[in-house]
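Below, each chain spelled out in residue letters.
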Amino acid sequence: MADQASGPAAIERQSIRFLLLYALAAAGGAVAYVPFLTILLPVRVESMAGAQSVDWLAYAAFAGAIAASVSNIGFGWLSDLTRNRRYWILTGLVISSILLVALRSANDLATLLGLLVLWQLGLNMMLSPLAAWAGDTVPDQQKGLLGGLLAFAPALGALSGAVLTIPGMLSADMRMVAVAAIVIACVLPVLLFGRPVHFPALHAPATSQSAETSGARRRLVARMWIARLLVQIAEATLFAYLYLWLRSINPEIGDDDAAQIFFGVLFLTVPASMLVGRWMDRNDRPIFPLGITAGVSSLALVSMALAPSLPLALAAYAMFGLASHVFLSLHTAQTLRVLPRPESRGRDLGIFNLTNTVPSPIMSVLTIMLVPVFGFAGLFGLLAGLSALACIILLTAIRAPKSQNDRLP
């Protein structure tokens, strides 16, 4: 039974207990894929494919992205129809955990790809309804706070990767089991103890709007979708190839070093996202910080492409990781503000989630085309241009006619 509101302030604000439990569950979702896709899968592919590891990793990213794209929309739509997010979250948690452990049995690349696709289906059965649940429960005036809390998700995912790859701590197979156990421990509490305050306005069917307001909302949705796609292409590339890029600079870099670097960057993201998110809530300006962080990401990618040594490359990556993950955490929460149809929130978020999955096949093609010829520097130069374009798209939205700021229509 939901917590009961008590007084005007309570009517407008979700309980902190639920927000924290939800953030923990979102972090569990990140733990489910961050250490696996950034460290565990590349290491396993490298051990199987050797010199062809870049190509096989690209194939894995492409197949996984297709499965994730279709299943995220499909399970979001099903959770809309059944009006029961918890059931789908729990079922997806069980299936994805079983399949993650089953990945240990993959002894050839074809089997690994097949299990990877099935795992993506189970994972998105959990993640899609979980994302929609935030839209069902968190009012707009707390979306910035929600975005800040969501920054814990990739940070905890990176922390789990750093801990699990400590030399001698766990075997490669036991790392998969440990990931599944952590995910279950993070997601179950919100399903068992999360009792969110109910806000009828968040569930009311969309009302008719003027043609001008409706058109402005559609244009803003399109701008936010495109901008996130562009930044995500860059982030997805570093997500998949951070380990191999670092080893191209210094072959002495190990999987534990890559995991620790990844976590260190994301740890800084949490306080930065919290501060920026609170600023967004207080000033009701959700677009401006997104444009600025996209611009900083572009500058950092240029620095990565030009970095002559490992210390400078790591400093540039730290700047990129901080800016891009602040962007993505806050953008996720603000997306819930621009999708106007509560009755199809899960499906619409699934469509918006294409900005998370479509970049994988795109970056796979770009990597295969550019890295063999121009190296990672050429690839990062192109990604810098995409992030700069995202910055322009968002900042020009603020300057659109009849809009003196970036408050949503």
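Each remark here, short or long, concerns the structure printed above.
From a predicted model like this one, the values you see are computed outputs, not experimental measurements.

Conventions and cut-offs
Residues numbered from 1 in each chain as written. Predicted model: local features only at pLDDT ≥ 70, side-chain atom pairs only at ≥ 80, totals over all residues. Heavy atoms only, no water. Helix = DSSP H or I, 4+ residues; strand = E, 2+ residues; numbered from the N terminus. Contact = heavy atoms within 4.5 Å. Phe/Tyr/Trp six-rings, centres within 6.5 Å; stacked < 30°, edge-to-face > 60°. Buried < 20%, exposed > 50% of the residue type's maximum accessible area, 1.4 Å probe, protein only. Lys NZ or Arg CZ within 6 Å of the ring centre and 35° of its normal. Polar contact = N/O pair within 3.5 Å; in protein donor to acceptor, adjacent residues only side chain to side chain. Axes fitted to C-alpha atoms, helices over the stretch in contact; angles between N-to-C directions. Parallel < 35°, antiparallel > 145°, perpendicular 65-115°, else oblique. Expected span 1.5 Å × (residues − 1). Bend = angle between axes of the 7 residues up to and from the residue.

Enquirer: Let's hear about the side chain of Asn72: which residues, and what values?
Expert: As for its placement among the helices and strands, Asn72 is situated in helix H3 (residues 53–82). Among all residues touching Asn72, those that are not within four sequence positions of it are Asn124, Ser128, Leu349, Gly350 and Asn353.

Enquirer: Describe the packing of aromatic side chains, listing the residues and the values that go with them.
Expert: Both the distance between ring centres and the angle between the ring planes are used here to describe each pair of aromatic rings. Using the criterion set out here, one finds 8 aromatic pairs in the structure. Seen from their ring centres, Phe18 and Trp133 are 5.3 Å apart, and the 80 degrees between their planes marks the pair as edge-to-face. Here Phe18 is found in helix H2 (residues 16–49), whereas its partner Trp133 is found in helix H5 (residues 109–137), with 115 residues between them in sequence. For Trp133, a relative accessible area of 6% gives the class buried. The ring of Phe288 is capped by Arg285, whose NZ or CZ atom sits 5.4 Å from the centre of that ring.

Enquirer: Let's hear about the side chain of Thr293: which residues, and what values?
Expert: Structurally, the position occupied by Thr293 is in helix H11 (residues 288–306). A relative accessible area of 14% places Thr293 in the buried class. In this structure the side chain of Thr293 is engaged in a polar contact, spanning 3.0 Å, whose partner is the backbone oxygen of Leu290.

Enquirer: Tell me about the packing of helix H4 (residues 85–102) against helix H8 (residues 172–193), and name the residues and values.
Expert: Helix packing geometry: the angle between the two helix axes and the distance between the axes. Contact geometry for H4 and H8: axes closest at 9 Å, N-to-C directions at 170 degrees. Considering their axes alone, H4 and H8 lie roughly antiparallel with respect to each other. Contacts from Arg86, Ile89, Leu90, Leu93, Ser97, Leu100 and Val101 in H4 reach Met176, Val177, Val179, Ala180, Val183, Ile184, Val187, Leu188, Val190 and Leu191 in H8.

Enquirer: Describe H2, naming the residues involved and giving the relevant values.
Expert: End to end, H2 covers 47 Å across 34 residues, agreeing with the expected 50 Å (1.5 Å per residue, within 8%). At Leu37, H2 shows its largest bend, some 45 degrees. The element H2 is extensively covered by neighbouring structure, given that 25 of its 34 residues are classed as buried. Among the residues trailing H2, Gly50 stands out with phi positive, at a value near 60 degrees.

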